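Residue-level listing of the chains:
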Amino acid sequence: MNGRHPVTHKVIRPLLGALSVSVLAAACASGGAGGSGHAVTIIYGTSSLLYAPLQVAEKEGYFKDAGVNVSLVASSSGNAAVEAAIGGSGEIVASGLSNDVLAAAKGHSLDYFATLASRLPNNIIISSAVARQKGITSSSTLQQKVAALKGLTIGDTGASSVTDQVLQWTLQHYGIDPKTDVQIVSLGGDSATAVAALENGRVQALLYPAPTPEVLYASGKGQLLVDFARDEMQPAPGYMLGLMAAKSFIGSHQAIVQDVAKAVSRAETFMHSDPSQAEAALYTYFSNENSKVFRQAYADELPTVPETSAVDTAKIPPVIDFVKQFSSVANVTVASLYSPVR
């Protein structure tokens, strides 16, 4: 084994180029900045249910109600979204806080101001055939399940992405060396690509958000191995995924940032108070998926969505500690990742 597959670093850059063009075009079409109806581009990671509150807020008109004209643009991973935002392709980025820690360590600090997921929403799926070969069932212990990953080729969304960080942490936690004991392949954020990779044997396991796992459950090709979404295991007590923006943007656009956060909070409350209607709204973005499969994906993801987007600052230090296991981030502090939006 030699760790990550050679194609890994080729996934992000071409997508970022296309992303920058599409984002800038959208920004120009929407009329730029200033005042009520301000045009804001939010770049998010994978086209998955990770970012459901954003899509619900858009579909239900909550952003417009708040006086903000939001364009949502997907990239290949949360890490790629952060890179695109730092490059000026959008004002706000939706990503895991751990990606912000990595950016801050390189001098590109973004302030976290709204929460989209209060615990890890991704799950590890293993090929059903491989699970049978290794004797893994739903009653296997967590240690047995993770041990089954040794020697496999495992897919995630991209190098240094949240899925990559969590995969490495999980393996190391159970004594498996991510560089020598497995092969990690970056597949990007497209669910169909990830599903095909497991179904055709390119990978034997995946760490992905909904609806990728549920599609594989339905086909019988994959089965749940580690359930992060329902708290079977968590990489850090303070894992958070949410919205971030440059300090300079937040400082000069406090009202706009507040309005975006309020619209997201409204969507999150709606998702919990009227889950069936929120599911119907969200399904318009995933209508290519089987409705029963999507319903299961929504049910699996909902427990990770907070009741509101308020930031729990006590959870930020554990995320920094989590990232320290993989990267040199000694200079990163809570103050470099967060300042209250007034």
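Scroll up to find the structure this text is about.
Described below are features of the structure shown in this document. (Residues numbered from 1 in each chain as written. Predicted model: local features only at pLDDT ≥ 70, side-chain atom pairs only at ≥ 80, totals over all residues. Heavy atoms only, no water.)

What follows deals with the sheet that holds strand E4 (residues 92-96). The five strands are arranged E3-E2-E4-E11-E5 in an open sheet whose pairing can be described as mixed. In this open sheet, the two strands that pair with only one neighbour each are strand E3 (68-74) and strand E5 (110-117). Each strand axis lies, on average, 25° off the axis of its neighbour in the sheet, ignoring direction. Here five bridges tie E4 to strand E11 (residues 241-246), and the two strands are oriented antiparallel to one another. (Pairing = 2+ DSSP bridges. Helix = DSSP H or I, 4+ residues; strand = E, 2+ residues; numbered from the N terminus. Axes fitted to C-alpha atoms, helices over the stretch in contact; angles between N-to-C directions.)

This brings us to helix H13 (residues 275-283). The set of residues buried in H13 consists of Ala 278, Glu 279, Ala 281 and Leu 282. Viewed along the axis of H13, the buried residues span an arc of 160°, placing them on a single side of the element. In this fold, the buried residues of H13 make contact with helix H2 (52-59), helix H12 (254-273) and helix H14 (291-301). (Buried < 20%, exposed > 50% of the residue type's maximum accessible area, 1.4 Å probe, protein only. Arc of directions from axis to C-beta. Contact = heavy atoms within 4.5 Å.)

Counting residues in each nonpolar core, the largest one holds 94 residues, and the members touching the most others are Ile 42, Leu 54, Phe 63, Ile 92, Phe 113, Leu 149 and Leu 243. It is H12 that contributes the most residues to this core, nine residues altogether. With sequence-adjacent residues up to four places away left out, Phe 113 is seen in contact with Ile 92, Leu 243, Met 244, Ala 245, Ile 250, Val 257, Val 260, Ala 261, Ser 309, Val 311 and Val 341. Within the second largest apolar cluster, 13 residues are counted, among which are Leu 187, Ala 197, Leu 206 and Tyr 208. (Core = buried A, V, L, I, M, F, W, Y, C linked by side-chain atoms within 4.5 Å.)

All right, on to the packing of aromatic side chains then. On inspection of all chains with the given rule, the structure shows four aromatic pairs. For the pair Tyr 44 and Tyr 51, a centre-to-centre distance of 5.2 Å together with 50° between the ring planes defines the contact as tilted. The residues Tyr 44 and Tyr 51 share a single accessibility class, namely buried. Counting every residue linked through ring pairs, the aromatic cluster contains Tyr 283, Phe 286 and Phe 294. (Phe/Tyr/Trp six-rings, centres within 6.5 Å; stacked < 30°, edge-to-face > 60°.)

For the structure on display, the rule yields six salt bridges. Across the pair Asp 111 and Lys 247 runs a salt bridge whose closest N-O atoms are separated by 2.6 Å. Taken together, the residues Asp 111 in strand E5 and Lys 247 in helix H11 (residues 247-252) connect sequence positions 136 residues apart. For Asp 111, a relative accessible area of 0% translates into the label buried. A salt bridge links Asp 321 to Lys 324; its shortest N-O distance comes to 3.9 Å. Of the two residues, Asp 321 and Lys 324 are both situated in helix H15 (residues 316-324); the distance of three residues between them amounts to about one turn of the helix. Residue Asp 321 is classed as partly exposed on the basis of its relative accessible area of 45%. Assessed through its relative accessible area of 43%, Lys 324 is described here as partly exposed. (Salt bridge = Lys/Arg side-chain N within 4 Å of Asp/Glu carboxyl O.)

Running from amino to carboxyl end, H12 crosses H13 at an angle of 120°, the nearest separation of the two axes being 5 Å. Our classification of the angle between H12 and H13 gives oblique. Side by side, H12 and H13 meet where Phe 270, Met 271, His 272 and Ser 273 of the first sit next to Pro 275, Gln 277 and Ala 278 of the second. Of the residues assigned to the contact of H12 with H13, the class counts are four nonpolar, three polar and no charged. (Parallel < 35°, antiparallel > 145°, perpendicular 65-115°, else oblique. Nonpolar A, V, L, I, M, F, W, Y, C, P; charged D, E, K, R; others polar.)

In the structure shown here, the tally under the stated rule is one cavity of 30 Å³ or more. Roughly 100 Å³ of internal volume is contained in the largest cavity. Forming the walls of the largest cavity are 15 residues, and the residues nearest its centre are Leu 50, Tyr 51, Gly 78, Val 162 and Thr 163. Those elements that place two or more of their residues in the lining of the largest cavity are E4 and helix H8 (162-173). Tallied by class, residues from the lining of the largest cavity come to five nonpolar, 10 polar and no charged. (1 Å grid on protein atoms, 1.4 Å probe; cavity = no way out; pocket = protein on both sides within 12 Å on 5 of 7 lines; lining within 4 Å. Points joined across faces, edges and corners; volume = space filled by probe spheres on them.)

On to the environment of Tyr 298, then. In this fold, Tyr 298 is placed in helix H14. Here Tyr 298 falls in the buried class, since its relative accessible area comes to 4%. Through-space distance from the C-alpha of Tyr 298 to that of Ala 278 is 9.6 Å; in sequence the pair is 20 residues apart. Beyond its immediate stretch of four places on either side in the chain, Tyr 298 contacts Leu 49, Met 271, Pro 275, Ala 278, Glu 279 and Leu 282.

It is worth stressing that arrangement in space is one thing and function is another; only the former is reported here.
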